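Per-entry structural report
Spelled out from the first residue to the last, the chains are:
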Amino acid sequence: MKHLIVLLSSLFVAGAASANAGDAARAKPIVDKICGACHGADGNSTSPAYPNLAGQSPEYLAKQLNEFKSGARKNATMAPNVTGLSAQDMLDLAAYFSAQQPKPRMAKDPALVAEGQKIYKGGNPGSGVPACASCHGPSGAGIPVQFPRLASQHSKYVLGQLKNFRSGDRNNDGGKMMQVIARKMTDREMAAVAEYISGLR
């Protein structure tokens, strides 16, 4: 009897976990109707104004979608697009985009890349800016659940987000970590880091 209870408990937990998991196939109609126009059908945006979502961790994607919907992260473009999404829709979209293959990009400004590499890998001890790699990883792959993937992200988008963190227009970062860091960065440092990130693979 004890073994039967353990088995039933295990099946219940497994069933609950699968019910809460995202289904990439279920997300495809939503991607075709809403997301693909800006982020690309495969999560690789052709416009530098919109972020690449391919290969991003599902936890991070689900968090951002939920916070766009709740208003914790404000964005005039995203707000109306998430209004009709259910909690399951958001999990499905997170599963879909995380399963897509990111396309490598080439950084365009060698001088900025060299400066950005120094800051990304070593920070700026003089101003207290930490190395980006300490949270986002040496290759920009991120640390799932906690810190997002940055590799091959559009430099224009990264620069915009850094400026939004600095101004407080974006404030959904845990412990205000990015806001504090961005306020210590100069415009040149932001541009350099953004350019370096765009070429990471």
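Preceding block: the structure.
Described in the following lines is the structure provided in the data block. Residue numbering note: each chain is counted from 1, following its sequence as written. Owing to the predicted nature of the model, reporting of local features is limited to residues with pLDDT of at least 70; listing and counting of side-chain atom pairs is limited to 80 or more, with chain, interface and lining totals taken over all residues. With hydrogens and water excluded, all non-hydrogen atoms of the structure serve as input to the side-chain values.

1. Some thoughts on the nonpolar core
Rules: In this text, buried Ala, Val, Leu, Ile, Met, Phe, Trp, Tyr and Cys residues form a nonpolar core when linked through side-chain atoms within 4.5 Å. To sort residues, take the accessible area from a 1.4 Å probe on protein chains only and compare it with the maximum for the residue type: under 20% means buried, over 50% means exposed, and anything in between is partly exposed. Helix and strand definitions here come from DSSP, where helices need a minimum of 4 consecutive H or I residues and strands a minimum of 2 consecutive E residues; each element is numbered from the N-terminal end. It only takes one pair of heavy atoms within 4.5 Å for two residues to be counted as in contact.
Grouped together as the largest cluster of nonpolar side chains are 19 residues, with contacts concentrated most on Tyr-120, Met-185, Val-193, Ile-197 and Leu-200. Contributing elements (two or more residues each) for this core: helix H6 (110–122), helix H8 (155–167), helix H9 (177–182) and helix H10 (187–198). No other element matches the five residues that H10 contributes to this core. Excluding anything up to four places from it in sequence, Leu-200 contacts Tyr-120, Pro-138, Ser-139, Gly-140, Ala-151 and Ser-152. Counting residues in hydrophobic clusters, the runner-up holds 17 residues, among them Ala-27, Ile-30, Leu-53 and Ala-62.

2. Remarks on helix H3 (residues 58–70)
This is how the line gets drawn: An expected span of 1.5 Å times one less than the residue number is assigned to each helix.
Here H3 is 13 residues long and its end C-alpha atoms lie 18 Å apart, about the 18 Å a rise of 1.5 Å per residue gives. For H3, the complete set of buried residues consists of Tyr-60, Leu-61, Ala-62, Gln-64, Leu-65, Glu-67 and Phe-68. Contacts from the buried residues of H3 go to helix H4 (78–82) and helix H5 (87–98). Note on H3: the residue one or two positions beyond its end, Gly-71, has a positive phi of about 95 degrees.

3. Description of the pattern of salt bridges
The cut-off we apply is this: Put simply, a salt bridge is a Lys or Arg side-chain nitrogen that is within 4 Å of an Asp or Glu carboxyl oxygen.
Considering all chains together, one arrives at seven salt bridges under this definition. When the shortest N-O distance is used, the salt bridge between Asp-23 and Arg-26 registers 3.9 Å. Accessibility expressed as a relative area gives 31% for Asp-23, which makes it partly exposed. Take Arg-26: its relative accessible area is 44%, and that puts it in the partly exposed class. Put simply, Asp-42 and Lys-103 hold a salt bridge, and the shortest N to O gap is 3.6 Å. Here Asp-42 is found in the loop between helix H2 (24–39) and H3, whereas its partner Lys-103 is found in the loop between H5 and H6, with 61 residues between them in sequence. Classification of Lys-103 as partly exposed rests on a relative accessible area of 47%. Among the ionic contacts, a cluster of salt bridges with common partners joins Asp-23, Arg-26 and Asp-92.

4. A few points about the packing of H2 against H5
For any two helices packed against each other, the geometry comes down to the angle between their axes and how far apart the axes lie. Convention followed: Axes here mean lines fitted to C-alpha atoms, for a helix over just the part in contact, with angles spanning 0 to 180 degrees between N-to-C directions. By definition in this entry, angles of less than 35 degrees are roughly parallel, angles greater than 145 are roughly antiparallel, angles of 65 to 115 are roughly perpendicular, and the rest are oblique. Gly counts as polar in this scheme, as do all residues outside two lists: the nonpolar Ala, Val, Leu, Ile, Met, Phe, Trp, Tyr, Cys and Pro, and the charged Asp, Glu, Lys and Arg.
Contact pair H2 / H5: the axes reach a minimum separation of 8 Å and the direction vectors enclose 90 degrees. The pairing of H2 with H5 is recorded here as roughly perpendicular in orientation. Side by side, H2 and H5 meet where Ala-24, Arg-26, Ala-27, Lys-28, Ile-30, Val-31 and Cys-35 of the first sit next to Gln-88, Asp-89, Asp-92, Leu-93, Ala-95, Tyr-96 and Phe-97 of the second. Grouping the amino acids of the contact of H2 with H5 by side-chain chemistry returns nine nonpolar, one polar and four charged.

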